[in-house]
Amino acid sequence: MHDYCIRPAGPEDLDGARAVMLDIVYREFGTGYVPRWHRDIIDPVAAYLVPDRHLLLVALDGGGGEVVATAALDSRGPAHPPHVAERYPCGTTAQLRRVYVRREHRRRGLARRLVGELLAFAAADGGYRSAYLHTDPAVEGAESFWRSLGTVVHDERDRANGGQGIVHFDVPLPASRPRPVDACAPNCAGTAPSTAPGARHADPSSARPRPTGR
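Residues numbered from 1 in each chain as written. Predicted model: local features only at pLDDT ≥ 70, side-chain atom pairs only at ≥ 80, totals over all residues. Heavy atoms only, no water.

As for the packing of aromatic side chains
Step number 1: Throughout the structure, instances matching the rule amount to 2 aromatic pairs.
Step number 2: Between tyrosine 88 and tyrosine 132, the aromatic rings sit 5.1 Å apart at their centres with planes inclined by 35 degrees, giving tilted as the arrangement. With a gap of 44 residues between them, tyrosine 88 in the loop between α4 (82-87) and β4 (93-101) and tyrosine 132 in strand β5 (residues 130-135) connect regions that are remote in the sequence. An identical accessibility class is assigned to tyrosine 88 and tyrosine 132; each is buried.
Step number 3: Sitting above the plane of the tyrosine 128 ring, arginine 53 keeps its charged end 4.1 Å from the centroid. (Phe/Tyr/Trp six-rings, centres within 6.5 Å; stacked < 30°, edge-to-face > 60°. Helix = DSSP H or I, 4+ residues; strand = E, 2+ residues; numbered from the N terminus. Buried < 20%, exposed > 50% of the residue type's maximum accessible area, 1.4 Å probe, protein only. Lys NZ or Arg CZ within 6 Å of the ring centre and 35° of its normal.)

Comments concerning the nonpolar core
Step number 1: With 29 residues, the main nonpolar core has Leu73, Leu96, Leu110, Leu114, Leu118 and Trp146 as its most contacted residues.
Step number 2: At the level of elements, β1 (4-8), β2 (55-61), β3 (67-74), β4, α5 (110-125), β5, α6 (142-147) and β7 (167-171) are the ones that each hand at least two residues to this core.
Step number 3: When residues in this core are grouped by element, the largest group, 8 residues, is from α5.
Step number 4: Sequence-distant contacts of leucine 73, defined by excluding residues within four places in its chain, comprise Tyr48, Arg53, His54, Leu55, Ala94, Gln95, Leu96, Leu118, Phe121, Ala122 and Tyr128.
Step number 5: Among the nonpolar cores identified, the runner-up in size contains 22 residues, and Ala9, Val25, Phe29 and Leu56 belong to it. (Core = buried A, V, L, I, M, F, W, Y, C linked by side-chain atoms within 4.5 Å. Contact = heavy atoms within 4.5 Å.)

Any link to function would need more than the numbers given here.
Pasting the structure below:
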């Protein structure tokens, strides 16, 4: 079985995380970098590392220590469509974002492990009442993956004009349990000392919508 280390992103992981995310939005979404959709990719410190209730995870290839996958969570609910935004308000909604796995590392259960860690973090937070995400079904494997984990609450393809073709999902939160610990083995190449996902860098200088699905 291929070995991966999953941990909260630290300063040393950010370049690798950005590379994974940008490769996906350029090569698979075909949009390239669009500031209003992808600002968090360029500034993950402000988006995920500084806020206590937000989280950015990275998965490192145990063989080489490079970042091969990402997954993020924040407390911002969706902005649209209106009935979905009303159902998933900011502050009590854990929105799953940037669950991206490099193509050569897919079909190994890595995305499912990352999502499980995000959901455990949200459950342990105590303030989240639901988990939400939206994804582009045009991305290979995205829709089937999220259907295996959640329930469709709105499919824009059902609208008369098709909307943007985005599918919106509710993903059940697990029963609350302690926040997950760093899953990197002590001897994993390229990893830093273990850090619990709840830990944050208070000083950004030292720290460290288009679809957010797979």
